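Working through the structure, step by step
As a plain string of letters, each chain reads:
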Amino acid sequence: MGVRKYLAAMMVISVCMQFFCACGKQQADMPQKIQVGVTFYNQSDIFLNELIACLKQQLGLLESDRLEITMMVRDAAGSQRTQDDQVEELIAMGCNVLCVNLVDRADPSEIIDLARENDVPIIFFNREPVAEDMQQWDGLYYVGADASQPGALQGELAAEMIQKDDWIDRDKDGKIQYVVLEGEPGHQDAIFRTENAVDTLKRSGIELEKLGSGIANWDRAQAQNRMLQMIGQYPNQIELVLANNDAMALGAIDAYEKLNYTESAFPVFFGIDGTEAGLKAVIDSKLSGTVYNDKEGQAAAMAKLAAALVTEDGMDSLEFENDKYIYLSYFKITDDNIKNFLP
Ligand code: BGC
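Residues numbered from 1 in each chain as written. Predicted model: local features only at pLDDT ≥ 70, side-chain atom pairs only at ≥ 80, totals over all residues. Heavy atoms only, no water.

Topic: the sheet that holds strand β7 (residues 208-215)
What counts, and what does not: Strands pair, by our definition, only if DSSP identifies at least two bridges between them. A run of H or I in DSSP counts as a helix once it spans at least four residues, and a run of E counts as a strand once it spans at least two, with each numbered from the N terminus. Comment: axis = line fitted to C-alpha atoms, over the contacting stretch for helices; angle = value between 0 and 180 degrees taken between N-to-C directions. Any two residues whose heavy atoms approach within 4.5 Å at even a single point are treated as in contact.
Spatial strand order, β7-β6-β8-β9: four strands in an open sheet with parallel pairing. Two strands lie at the open edges of the sheet, namely β7 and β9 (268-270), each paired on one side alone. Neighbour to neighbour, the strand axes of the sheet diverge by 20 degrees on average, direction disregarded. Most of the contacts of helix α6 (residues 149-164) go to β9, to which it runs at about 160 degrees, and overall it touches β6 (176-182), β8 (240-243) and β9. Where helix α9 (residues 246-258) meets the sheet, its contacts fall on β6, β8 and β9, and the angle it forms with β9 comes to roughly 155 degrees.

Topic: helix α4 (residues 109-118)
As a reminder, the rule being used: Classification of residues uses two cut-offs on accessible area relative to the type maximum, computed with a 1.4 Å probe and protein chains only: under 20% is buried, over 50% is exposed, and between them is partly exposed. Taken from the helix axis, the directions to the C-beta atoms give the arc we talk about.
Along α4, the residues that are buried comprise Ile111, Ile112, Leu114 and Ala115. Considered in projection along α4, the buried side chains sweep an arc of 165 degrees and stay on one side of the axis. In this structure, the buried residues of α4 make contact with α3 (80-92), β3 (97-100), β4 (122-125), α5 (131-134) and β5 (140-145). Trailing α4 by a residue or two, Asp119 shows a phi angle of about 55 degrees, which is positive.

Structural notes on the site of the ligand
We count it as follows: In this text, near means that some heavy atom of the residue lies within 4 Å of the molecule or strand in question. As used in this structure description, the phrase polar contact means that two N or O atoms lie within 3.5 Å; if the pair is within protein, one of them must be able to donate a hydrogen and the other to accept it, and residues adjacent in sequence are counted only when both atoms belong to side chains. Each accessible area is a Shrake-Rupley result for a 1.4 Å probe, and residues are judged covered by the shown protein chains and nothing else. Three residue categories are used. Nonpolar comprises Ala, Val, Leu, Ile, Met, Phe, Trp, Tyr, Cys and Pro, charged comprises Asp, Glu, Lys and Arg, and polar comprises the others, including Gly. The domain boundaries here were taken from an automatic or database domain assignment.
As a structural note, the neighbourhood of the ligand is formed by 13 residues, with Asp45, Asn126, His187, Asp189 and Asp273 the closest of them. Asn126 is positioned with one of its side-chain polar atoms (N or O) 2.6 Å from an oxygen atom of the ligand. Contact between the ligand and Arg127: an oxygen atom at 3.1 Å from a side-chain N or O atom of the residue. Out of a free accessible area of 310 Å², the ligand has 99% covered by protein chains. Elements that contribute at least two residues to the shell around the ligand include exactly α2 (46-62) and α7 (188-203). Partitioning the shell around the ligand into residue classes produces four nonpolar, four polar and five charged. When residues of the shell around the ligand are assigned to domains, at least three fall in each of domain 1 (32-145 + 294-328) and domain 2 (149-293).

With respect to the pairing of β8
Burial along β8 is two-sided: Leu240 and Leu242 facing one way and Val241 and Ala243 facing the other are all buried. Across four bridges, the pairing between β6 and β8 is parallel. Bridge pairing in β8 links Tyr178 to Leu240. In this structure, β8 lies alongside β9, joined through three bridges in parallel fashion.

Details of unusual backbone geometry
You will see that Asn126, though not glycine, has its phi angle at about 65 degrees, which is positive. For Asn126, the position within the fold is in the loop between β4 and α5. On the basis of relative accessible area, Asn126 is assigned to the buried category, the value being 9%. Positive phi is not limited to glycine here, since Asn322 has a value of about 45 degrees. Position of Asn322 among the secondary structure elements: in the loop between α11 (295-311) and β11 (325-328).

Take a look at the structure:
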């Protein structure tokens, strides 16, 4: 090769090198992208809407020059089939981490297969898959609240009030006639909440008589209907309503209001969650008490975990149980501390 050709070739190589270096530099300066795909079992669920709003906020707080975060949300409208398709779609759209609130907590296999094939980790939340399914792959995590706690805390709140205010035992028979409004059958929270609340009341020395119970699937309107049926059967006998969540406690209050009962003839109502409407009802003295389901804490843990899984940095700052689970605690809400929970 002549000198001129040699020099020309060197110049081309040098220009190319500069070009590639520049590209590399630009890559290094570009923020890392976290694309979070969220799918949840049903958009009519009040607590989940509030939890997902918190997740959006928490992810926003993690954004920086180095991290660009987007979140895409899908409503599975109560169908596991739809949710499986949504996971496929979210992965195809480029999500590199998924947050899944299962429709059917016993049926996550298709979702797990899709995630594993594409190497996209999953954070299940609020509706806990069974332990064997969580072992299917090491890219699976769960963030939720400790299901064993809130029933006992609700029982303590009710026991304290019954011991203090003897008007609650309206017929003065020394027993508290009660009904229960239960969440979805098979949900880890519904299973424990009723059982633990009743046990705690009994252990506190309260004599109880159960008049009835109704499944209202966490839903205010369904709870109102169940309650109307129970009031039809026991028009003045119900003294205490234990509801597995605030939405159903509010549905029970709706039923008494619909029938034009005077407030002095209402039983006392207890919920769980501390949703915006639930807290307002406590402030208005319609709801005697509720237990806080720490949506901010759960959302913060999910956001940190999502970021850590994508960036491979920060896993050490998270506290896991059995390497995969993060459980947040519940809190009793009383007149003294309610201000701390208001938005
Ligand atoms: C909440 C309910 C909610 C349910 C949905 C529970 O932990 O307390 O309000 O409807 O989760 O899965």
